[in-house]
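# Analysis of the macromolecular model
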Amino acid sequence: MTGCVMFVELAIVLAALAGGAVFLHRAVKRRSGPSWFGAIVLLGPLLMLAVWCHRTDVDTWSPSVGRHTVQGRWTHGKSTLELFPDGTFRVDAHGDAARRVLLTRATGRWELDDWKLTLDPGDGYPRRMRVVVSNGEYRIIEHPGDLDTWPRWTGFNRSPSSPAPDHP
């Protein structure tokens, strides 16, 4: 089923690109307002999708990181995740971040095993997170389980930003 869905999505994108190219060609050749409108309607959403995919893309799923790399303040909009050097954390999450972390306001202990970050608020349900590199910066996202079905999320960003070293 997944291959079929991907094929249909690819066919829709290709049809929109072809239609947009035709409208764009007509708009340039004839200086036609409706053709410009058609090109924008077909190509605009594809451009926005490309930008969104680039912003949420993960460059390195399993970077080798140490405790010092993740310590500090991480943000996602108004949500914050603070990882303290003594192994404790504080989270104040809202909206999308709260749904991803399954916490709103909590404190507890955190542990890091390579790229695997565990937040344990002491309620018997530790939250598995993952440190990744996205667009050259470290981010903390929920552990997706299956990477192929991960719903893209920009995750918690370091504040100030935390550039990742170049990875091979």
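Residues numbered from 1 in each chain as written. Predicted model: local features only at pLDDT ≥ 70, side-chain atom pairs only at ≥ 80, totals over all residues. Heavy atoms only, no water.

The next thing to look at is the environment of Ile141. Residue position: Ile141 is located in strand β7 (residues 137-142). Separated by 11 residues in sequence, Ile141 and Arg130 have C-alpha atoms that sit 5.3 Å apart. (Helix = DSSP H or I, 4+ residues; strand = E, 2+ residues; numbered from the N terminus.)

Glancing now at the sheet that holds strand β1 (residues 72-76). Strand order in the closed barrel formed by eight strands is β1-β2-β3-β4-β5-β6-β7-β8, with antiparallel pairing between adjacent strands. Sheet twist, expressed as the average angle between the axes of neighbouring strands with direction ignored, equals 30°. Sheet topology places strand β5 (residues 116-120) next to strand β6 (residues 127-134); four bridges connect them, and they run antiparallel. Paired with Thr118 across the strands is Arg128, a residue of β6. (Pairing = 2+ DSSP bridges. Axes fitted to C-alpha atoms, helices over the stretch in contact; angles between N-to-C directions.)

Under the criterion given, the structure shown has eight salt bridges. In this structure, the salt-bridge partner of Arg90 is Glu82, at a minimum N-O distance of 3.0 Å. Its relative accessible area of 41% is what places Arg90 among the partly exposed residues. With relative accessibility at 16%, the residue Glu82 sits in the buried group. In this structure, Arg100 engages Glu142 in a salt bridge whose closest nitrogen and oxygen atoms are separated by 2.7 Å. Linking Arg100 in helix α4 (residues 95-101) with Glu142 in strand β7, this pair joins segments that are 42 residues apart in sequence. Residue classification places Arg100 among the buried positions, given a relative accessible area of 19%. Here the salt bridges share partners, and the residues they tie into one network are Asp96, Arg99, Arg100 and Glu142. (Salt bridge = Lys/Arg side-chain N within 4 Å of Asp/Glu carboxyl O. Buried < 20%, exposed > 50% of the residue type's maximum accessible area, 1.4 Å probe, protein only.)

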